[in-house]
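Descriptive structure summary
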Amino acid sequence: MPDVEVELVLRSRRVITPEGTRAATVAVAGGRVVVVGPYDAVVPAGARLEDFGDDVVMPGLVDTHVHVNDPGRTEWEGFWTATRAAAAGGITTLLDMPLNSLPPTTTVGHLAVKQEVARSKAHIDVGFWGGAIPSNVKDLRPLHDAGVFGFKCFLSPSGVEEFPELDQEQLARSMAEISGFGGLLIVHAEDPHHLAAAPQRSGPRYADFLASRPRDAENTAIEGLISHAQRLGARVHVLHLSSSDALPLIAAAKRNGVAVTVESCPHFLTLTAEEVPDGATEFKCCPPIREAANQDALWQGLADGTIDCIVSDHSPCTTDLKTPDFTSAWGGISSLQLGLPAIWTEARRRGHTLDDVVRWMAKAPAELAGLSTKGAIEAGRDADFAVLAPDETFTVDPAELHHRNQVTAYAGKTLYGVVRSTWLRGERIVENGNLAAPTGRLLERNN
């Protein structure tokens, strides 16, 4: 053990480290991991030992795609409820999206408003994306300097009037500005022309809604995004990939040295169009949940590294906005508390390991955001952990979720993976579903 005064030692027969899963002890001092040692290492005098037996100790998950909606639409979610749900699901760091709150995070002043609201409510660590809209190119560098982790834009209407989409000229202008200071642009990539040309039929039929958001809309938008990024030497990230048809484009771009990364989401990887009942708008999101064959290809994209990470795109709303009409219902899946067990359930069925899940849901999102102290259990990292009973199951009861509104596409599903406890910088913040007082910090880029 190191010379520093170790305060806490976690022991398990299954600790997930960058070198793989092994029996180990993890020594913590000052909120950081100081050493990952042998399972039978001597516990220093004065240190508290937590022995988890066969339960898995993994790094706290990092979710870089969360719509907290606070302030302004706090009845949809809010920092208090969102961070409680995240903590209960084994997430120790989240990045808040710049829209659906009022004001949106498109100026330094708006960022300060959001930070002040979040400061006393965060049960986990919270950072912020900025927004790129047609009118705020001049605000991008100041937001970067104020510590946002990058900038989100839409290529088709966002659904809220205060966050308009970028056309191709505006996209290139914003991308050039962001590239000039080494920033990251993250993109909701659906082409508006393909969406406008698709059949639009209102009503409860999921097949009609699926037809209204064709794969070509994603494929064309991603192709254009890659072209701009290659020309400008920019870093870009494709949000919530739904269309597996885009995978060859993305793989080729990566081979050609384009700085493009890609995420997908639990709902695309665990739910299928074939199982969505008509009128069940808790399944509505944009881009949409697609067919089982498409899902198989997305998993292959994860396996071969074309898709880098899995994040929630938690986009909640009040129950009344989930009308039975797929055209008028708010689009968004609530999954913040359930992402880990949902993905683990499907991953284990497909022959993947918890090491894979950690790579997709902790390591890669931390790397995307430049969070160098998050996403792994190794010396120097924050002592952020999730303790998981991977072989235990539970059935999703919406009433037991910490989300402000208990609307979920996972209701009634039996999932593998029970989060026993969650730890933030060496302090237990969740134990068997019970949460401690909020101790999360507000994060800035490179912090």
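Everything discussed here concerns the structure shown above.
It should be emphasised that the depicted structure is a prediction, and the values quoted were computed from it without experimental measurement. (Residues numbered from 1 in each chain as written. Predicted model: local features only at pLDDT ≥ 70, side-chain atom pairs only at ≥ 80, totals over all residues. Heavy atoms only, no water.)

**A short note on the nonpolar core**
Rule in force here: Buried residues of nine kinds, namely Ala, Val, Leu, Ile, Met, Phe, Trp, Tyr and Cys, make up a nonpolar core once their side-chain atoms join them within 4.5 Å. Classification of residues uses two cut-offs on accessible area relative to the type maximum, computed with a 1.4 Å probe and protein chains only: under 20% is buried, over 50% is exposed, and between them is partly exposed. Put simply, DSSP H or I for four residues or longer makes a helix, DSSP E for two residues or longer makes a strand, and each gets a number counted from the N terminus. Whether two residues are in contact is decided by their heavy atoms: any pair within 4.5 Å suffices.
Ranked by internal contacts, the top residues of the largest apolar core, which has 95 residues, are Met 58, Phe 151, Leu 185 and Leu 241. A per-element tally of this core places helix H12 (residues 354–369) first, with 6 residues. Ignoring sequence-local partners within four residues, the contact set of Phe 151 consists of Trp 129, Gly 130, Gly 131, Ala 132, Leu 140, Leu 143, His 144, Ile 178, Phe 181, Leu 184, Leu 185 and Ile 186. Counting residues in hydrophobic clusters, the runner-up holds 21 residues, among them Val 62, Leu 95, Leu 99 and Phe 154.

**With respect to the packing of aromatic side chains**
In plain terms, the rule: Any two of the Phe, Tyr and Trp rings considered here, Trp counted by its six-membered ring, make a pair once their centres fall within 6.5 Å; the pair's planes then place it as stacked at under 30 degrees, edge-to-face at over 60, or tilted in between. Geometrically, a lysine NZ or arginine CZ counts as sitting over a ring once it is within 6 Å of the ring centre and also within 35 degrees of the ring normal.
The full count for this structure, using the stated rule, is 9 aromatic pairs. Look at Phe 154 and Phe 163: their rings are 6.0 Å apart centre to centre, the planes differ by 75°, and that puts the pair in the edge-to-face class. Residue Phe 163 is classed as buried on the basis of its relative accessible area, which comes to 0%. A connected cluster of aromatic rings, assembled from ring pairs, spans Tyr 206, Phe 209 and Phe 326. Over the face of the ring belonging to Trp 76 we find Arg 73, whose NZ or CZ atom lies 5.4 Å from the ring centre. Taking the ring centre of Tyr 416 as reference, the NZ or CZ of Arg 348 above it sits at 3.7 Å.

**Digging into helix H10 (residues 292–303)**
The following threshold applies: Helices are assigned an expected span. That span is 1.5 Å times one less than the residue count. Here, the arc refers to the directions that run from the helix axis to the C-beta atoms.
For H10, spanning 12 residues, the distance from its first C-alpha to its last is 17 Å, which sits close to the expected 16 Å at 1.5 Å a residue. Of the residues making up H10, those classed as buried are Asn 294, Gln 295, Leu 298, Trp 299, Gly 301 and Leu 302. Seen along its axis, H10 keeps its buried residues to an arc of 155°; they face one direction.

**Re helix H8 (residues 247–255)**
Residues of H8 that are buried include every one of Leu 247, Ile 250, Ala 251 and Ala 253, and no others. Summarising the axial view, the buried residues of H8 lie within an arc of 160°, below the 170-degree limit, and thus occupy one face. Among the exposed residues of H8, those pointing more than 90 degrees away from its buried face are Pro 248 and Arg 255. Residues of H8 that are buried sit in contact with helix H7 (215–232), strand E13 (260–264) and H10. Directly beyond the C-terminal end of H8, a positive phi value near 90° is found at Gly 257.

**Points about the pairing of strand E15 (residues 385–395)**
Put simply, the rule reads: Paired strands, as defined in this entry, are two strands with at least two bridges between them according to DSSP.
The pairing of strand E5 (residues 56–59) with E15 spans 4 bridges and is classified as antiparallel. Bridge pairing in E15 places Val 57 opposite Val 387. Of the pairings in the sheet, the one linking E15 to strand E16 (residues 414–424) comprises 8 bridges and is antiparallel in character. Bridging from a neighbouring strand, Val 387 pairs with Ser 421 of E16.

**A short note on unusual backbone geometry**
Here the residue pair Asp 70 and Pro 71 is connected by a cis peptide bond, since its omega of 5° sits within 30 degrees of zero. The peptide bond linking Cys 286 to Pro 287 adopts the cis configuration, its omega dihedral lying at 0°. Relative to the helices and strands, Pro 287 is located in the loop between helix H9 (266–270) and H10. The backbone phi angle of His 240 is positive, close to 30°, even though this residue is not glycine. Take His 240: it is sitting in the loop between strand E12 (235–238) and H8. At Asp 313, a residue that is not glycine, the phi angle is positive and equals roughly 50°.

Just distances and angles here, no functional claims.
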